[in-house]
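Chain by chain, the residues run as shown.
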Amino acid sequence: MTDERTDDIARFVAELEAGGVLSDAAWREAFTKVPRHVFLPAFFTSLPDGRWQAMDQSHPDYWRLVYADTTLTTQLDATIHPDPSVGPVAGTGTSSSTQPGLMAAMLDALRVTGGERVLEIGTGTGYNAALLAHRLNAQDVTSVEVDARVADAARQRLVVAGYHLSVITGDGEQGWRPAAPYDRLIATVSVPAVPRAWLAQVRDGGAIVASLWRDLGGAPLVRLEVDGDTAQGFFLPQPGGFMPVRSANRAMAALSAATRQIGISRTATVPSGVLHDDDAGLWLALQVPEVTWLGFTPDGGTDQVWLFAPDGSWAMVEDATVHVEQYGPRNLWDEVEAAYDRWGATGQPRRDRLGLTVTGTGEHQFWLDSPDATQWVDVPGRW
């Protein structure tokens, strides 16, 4: 079947190359040879009414979507799996096949040369594990997946694709000690902090490439080099795209309560778009803790962005009128504007100028350009 899709795969690889994320010849070969469709026999597509429709190879758009640089949803509400014989269903995406361009950037950041032993956290469909097995030796790749049903499906698909590697059902934050130490660890699920177990299971001189979760700033990607019980490195220039469902659910519940409250209004000094800026967005995520957000458009109204904190504070920004309304113990948009001003006063640093040091005690410290720099990023709260 892969040979029959030669044109689709060639177009797919060319799209990744054009995006600047597939310059390494070995990874280019892996993306050319590993059949993504084997790992995506069916998936969900979103409908205009907010529901989802499952799609498989019988659908005329299936091949175009499978071999495209796009994320495809494979599970809803942790229990609903795609079945094209069923009509539209409601739910929130809880598992997906990650955007291949993002996968390529993270794989490239591993900086493997061949022969490295790799631990992957978050097997998902198994596609990323297959790419690792193709680039390296399958016996040197171990993948951990928390969902038993997802892990079983990935094992079967890996065998069909010809890759015989170890897929473990377990808690990825605990790593997989029986096969340690590893030369590399890659996490394709977001974690709020780098687990100490990962540091302990990666050898000195090894590397960790992970997606770190911050409610306000999505999933910044970081590459850390391990030295004893400490790891440090820089954020990648590419933003991540992993989003835990818990944050989305929390925001929706908070919105329902907030729309029945009245806050204090004023003119905003910065628009909500600063949250989506690749560079400023990460800085804001580090400086404004425990805040999540969502976009909302009321019937007959203009686009709004809402921010929520666990203490009940919220802020609503309506860019069309440069208007902000705030409520609760924290003035959330005041915090965003102050952090944005600090970002400007620091020279508007790119995200790949921001570094992270993780210690064996779990402490996370953020810095600019060098861990010896005088300009440390002051991060309130705990990552």
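Rules behind the numbers
- Residues numbered from 1 in each chain as written.
- Predicted model: local features only at pLDDT ≥ 70, side-chain atom pairs only at ≥ 80, totals over all residues.
- Heavy atoms only, no water.
- Helix = DSSP H or I, 4+ residues; strand = E, 2+ residues; numbered from the N terminus.
- Rg over C-alpha atoms; globule rule 2.2 N^0.38 Å.
- Buried < 20%, exposed > 50% of the residue type's maximum accessible area, 1.4 Å probe, protein only.
- Contact = heavy atoms within 4.5 Å.
- Areas by Shrake-Rupley, 256 points an atom, 1.4 Å probe, with all protein chains shown as cover.
- Lys, Arg positive; Asp, Glu negative; His and termini not counted.
- Charge placed at Lys NZ, Arg CZ, Asp CG, Glu CD.
- Axes fitted to C-alpha atoms, helices over the stretch in contact; angles between N-to-C directions.
- Parallel < 35°, antiparallel > 145°, perpendicular 65-115°, else oblique.
- Left-handed = near helix turned anticlockwise from the far one by under 90°.
- Nonpolar A, V, L, I, M, F, W, Y, C, P; charged D, E, K, R; others polar.
- Pairing = 2+ DSSP bridges.
- Right-handed = clockwise from strand over helix to strand, strands pointing away.
- Core = buried A, V, L, I, M, F, W, Y, C linked by side-chain atoms within 4.5 Å.

S.K.: Outline the overall build of the protein chain, supporting the account with residue identities and numerical values.
M.R.: Across its full length, the protein chain holds 11 helices and 19 strands. In terms of C-alpha radius of gyration, the protein chain reaches 22 Å, essentially the compact-globule figure of 21 Å for 383 residues. Structurally, the protein chain occupies a C-alpha span of about 60 × 55 × 35 Å along its principal axes. Expressed as a percentage of the 383 residues in the protein chain, the buried residues total 50%. Look at the contacts in the protein chain between residues 6 or more apart in sequence, and 60% of them connect residues 24 or more apart. Summed over its atoms, the accessible surface of the protein chain is roughly 16,700 Å², and 50% of this surface lies on carbon and sulfur atoms. Separation between the mean location of the 29 positive side-chain charges and that of the 48 negative ones in the protein chain comes to 3 Å.

S.K.: Break down helix α6 (residues 127-135) for me, with residues and values.
M.R.: For α6, a buried count of 8 out of 9 residues is recorded, marking the element as mostly surrounded by other parts of the structure. Restricting attention to buried positions, one finds in α6 the residues Tyr127, Asn128, Ala129, Ala130, Leu131, Leu132, Ala133 and Arg135.

S.K.: An account of unusual backbone geometry is requested, with residue identities and associated values reported.
M.R.: Of note, the amide linkage connecting alanine 180 to proline 181 takes the cis form, showing an omega dihedral of 5°. By the element assignment, proline 181 lies in the loop between β7 (166-169) and β8 (182-191).

S.K.: Outline the packing of helix α10 (residues 278-287) against helix α11 (residues 332-345), listing residues and values.
M.R.: Two elements in contact, α10 and α11, have axes separated by 9 Å at closest approach and are oriented at 125°. With respect to each other, α10 and α11 are oriented oblique. The way α10 lies across α11 gives a crossing that is right-handed. Of the residues in α11, those touching α10 at Asp279, Ala280, Trp283, Leu284 and Gln287 are Val336, Ala339, Tyr340, Arg342 and Trp343. Of the residues in the contact of α10 with α11, the class split is 7 nonpolar, 1 polar and 2 charged.

S.K.: Go over the pairing of β8 with me, naming the residues and quoting the values.
M.R.: Within β8, 9 of the 10 residues are buried, leaving the element largely enclosed by the surrounding structure. Bridge analysis of strand β5 (residues 118-121) against β8 gives 4 bridges, and the strand direction is parallel. Within β8, the residue paired with isoleucine 121 across the bridge is alanine 187. As judged from the 6 bridges shared by β8 and strand β9 (residues 202-212), these two strands associate in the parallel manner. Along β9, the bridge assignment pairs isoleucine 186 with valine 209. Of the crossover connections in this fold, the one passing from β8 over helix α8 (residues 196-201) to the parallel β9 is right-handed.

S.K.: Give a description of the nonpolar core that names residues and reports values.
M.R.: The biggest cluster of nonpolar side chains holds 49 residues, and the ones touching the most others in it are Phe31, Leu131 and Leu165. Listing elements by their share of this core, those giving two or more residues are α1 (6-18), α2 (25-33), α3 (36-39), α4 (62-66), α5 (100-110), α6 and α7 (148-161). In terms of residue count, α5 provides more of this core than any other element does, 8 residues in total. When sequence neighbours within four positions are dropped, the list of residues in contact with leucine 165 reads Ala129, Ala133, Ala138, Val141, Ser143 and Leu158. Within the second largest apolar cluster, 31 residues are counted, among which are Trp198, Leu224, Leu282 and Leu368.

S.K.: Break down the sheet that holds strand β14 (residues 304-308) for me, with residues and values.
M.R.: Overall, antiparallel pairing links the 5 strands, which are arranged β12-β16-β15-β14-β13 in an open sheet. The open sheet has two free edges, formed respectively by β12 (264-267) and β13 (292-296), since each of these has just one partner strand. With direction set aside, neighbouring strand axes in the sheet form an average angle of 20°. Relative to strand β15 (residues 314-318), β14 runs antiparallel, the two being bridged by 4 bridges.

Spatial relationships are all this shows, so hold off on functional conclusions.
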